[in-house]
Each structure stands twice: as structure tokens, then as C-alpha cells.
Amino acid sequence: MLKGVNRQILEITNPESPYFEKIIFFVRPEGLKADKSDLYSEAEKLSHQSKKPPKTRRTAREKAETLVCIFLGLGAGVALTAIMGIIA
């Protein structure tokens, strides 16, 4: 369902960011009374403030799974070494 189709937007198509192709700003109704150059300068200022996305935090479960995999790998290495020592 599409609602609010009577909105004004401002689109910045070439932001100086390696992550974003374009930025779309939805202008508030009271913002339409402002000067066009003011809107563009505010949009440019906001687009330059954007930095790389924040790092995603790993959950406790993901950390536990990583530790289990490490210990299983170490155990497999020890078992293979023991087997190779017995055969040789």
C-alpha cells in the first residue's frame, strides 16, 4: 500500500561516499517555504557527515559458536597428530 504520495523529495545523486550511490531526503511541508539553495546546502552538509556504517556487534551465541569451532579444530589437529605418531 502506498501512502503519502504528495511529498517533496530532494535527491543527491553523487555523494562523496564509497558506500552510497544516492541519498534521498524527504522535505517537510514547512521546509518547502525555505529557499532552494538553503535546502541543497543543508542536504550537502548532511551527506558529508555520513561516515561508514557502524560495525555490527556479534552476539554471545556467535562468539560461542566461534570458540566451539576453534576448539574442535584444535582437537582434530591433536587427534591427527596422535594418529600420525602411532602409524609412523
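Whatever comes next refers back to the structure up there.
Residues numbered from 1 in each chain as written. Predicted model: local features only at pLDDT ≥ 70, side-chain atom pairs only at ≥ 80, totals over all residues. Heavy atoms only, no water.

**Describing the overall build of the chain**
Counting its regular elements, the chain contains two helices and two strands. Counting from the amino terminus, the chain carries its helices and strands in the arrangement β-β-α-α. The proportion of buried residues among the 88 residues of the chain is 11%. Taking the contacts inside the chain whose residues are at least 6 apart along the sequence as the reference set, 27% of them involve residues at least 24 apart. When the accessible surface of the chain is totalled, it reaches about 8300 Å², and 60% of it is carbon and sulfur. (Helix = DSSP H or I, 4+ residues; strand = E, 2+ residues; numbered from the N terminus. Buried < 20%, exposed > 50% of the residue type's maximum accessible area, 1.4 Å probe, protein only. Contact = heavy atoms within 4.5 Å. Areas by Shrake-Rupley, 256 points an atom, 1.4 Å probe, with all protein chains shown as cover.)

**Description of the pairing of strand E2 (residues 23-27)**
Look at any regular strand and the pattern is simple: side chains alternate between the two faces of the sheet. Because side chains alternate across E2, one face comprises the buried residues Ile23, Phe25 and Val27, and the other comprises Ile24 and Phe26, none of which is buried. The pairing of strand E1 (residues 8-12) with E2 spans five bridges and is classified as antiparallel. Within E2, the residue paired with Ile9 across the bridge is Phe26. (Pairing = 2+ DSSP bridges.)

**Structural notes on the nonpolar core**
Within the largest apolar cluster, six residues are counted, these being Leu10, Ile12, Ile23, Phe25, Val27 and Ala43. Sort the elements by how many residues they give to this core and E2 lands first, with three residues. (Core = buried A, V, L, I, M, F, W, Y, C linked by side-chain atoms within 4.5 Å.)

**Examining the layout of surface pockets**
Its boundaries defined by the atoms lining it, the largest pocket holds a volume of some 210 Å³. Lining the largest pocket we find Leu10, Phe25, Phe26, Val27, Arg28, Glu30, Gly31, Leu39, Glu42, Ala43 and Leu46. Elements with a contribution of two residues or more to the lining of the largest pocket: E2 and helix H1 (36-49). Of the residues belonging to the lining of the largest pocket, the class tally is seven nonpolar, one polar and three charged. (1 Å grid on protein atoms, 1.4 Å probe; cavity = no way out; pocket = protein on both sides within 12 Å on 5 of 7 lines; lining within 4 Å. Points joined across faces, edges and corners; volume = space filled by probe spheres on them. Nonpolar A, V, L, I, M, F, W, Y, C, P; charged D, E, K, R; others polar.)

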